[in-house]
Amino acid sequence: VVKIEHDDGFVTVYAHNEENLVQAGMRVAPGDPIATIGRTGRATAHHLHFEIRRNSAVYNPLYLLPLPPRVGQVEESDETDEEHE
């Protein structure tokens, strides 16, 4: 398990790690590798257990993290704008 302390009392928890790449007291930056994904305990497949905690309460990350950017698809055409009207 790796627990990272953030501002305002938030803690993120990363569990079921195969190998932890950081030790207690280390500073990490966004994007730094902190662990390799594993399959510990009674887990049947490799996966990441991720939690967000604050003041002993556990929050659903889907409600706190920003949504990923949506990728729009634009199809090219030989038609001009006048042909569409």
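Residues numbered from 1 in each chain as written. Predicted model: local features only at pLDDT ≥ 70, side-chain atom pairs only at ≥ 80, totals over all residues. Heavy atoms only, no water.

Any chance you could explain the pattern of salt bridges here in plain terms?
Any two side chains of opposite charge can pair, on the condition that their charged atoms come close. All told, the structure shown has 1 salt bridge when counted by the stated rule. For Arg53, the salt bridge goes to Glu51, with nearest N and O atoms at 2.7 Å. (Salt bridge = Lys/Arg side-chain N within 4 Å of Asp/Glu carboxyl O.)

Would you mind going over the sheet that holds strand 5 (residues 49-54) with me for this structure?
Strand pairing in a sheet takes place through backbone hydrogen bonds and is either antiparallel or parallel in direction. Taken together, 4 strands build an open sheet; the order of strands is 1-2-5-6 and the sheet is antiparallel. Two strands lie at the open edges of the sheet, namely strand 1 (2-5) and strand 6 (57-59), each paired on one side alone. When strand polarity is set aside, the average angle formed by the axes of neighbouring strands in this sheet is 30°. In the sheet, strand 1 pairs with strand 2 (residues 10-15) via 4 bridges, with the strands oriented antiparallel. The residue of strand 2 that forms the bridge with Glu5 is Val11. (Pairing = 2+ DSSP bridges. Helix = DSSP H or I, 4+ residues; strand = E, 2+ residues; numbered from the N terminus. Axes fitted to C-alpha atoms, helices over the stretch in contact; angles between N-to-C directions.)

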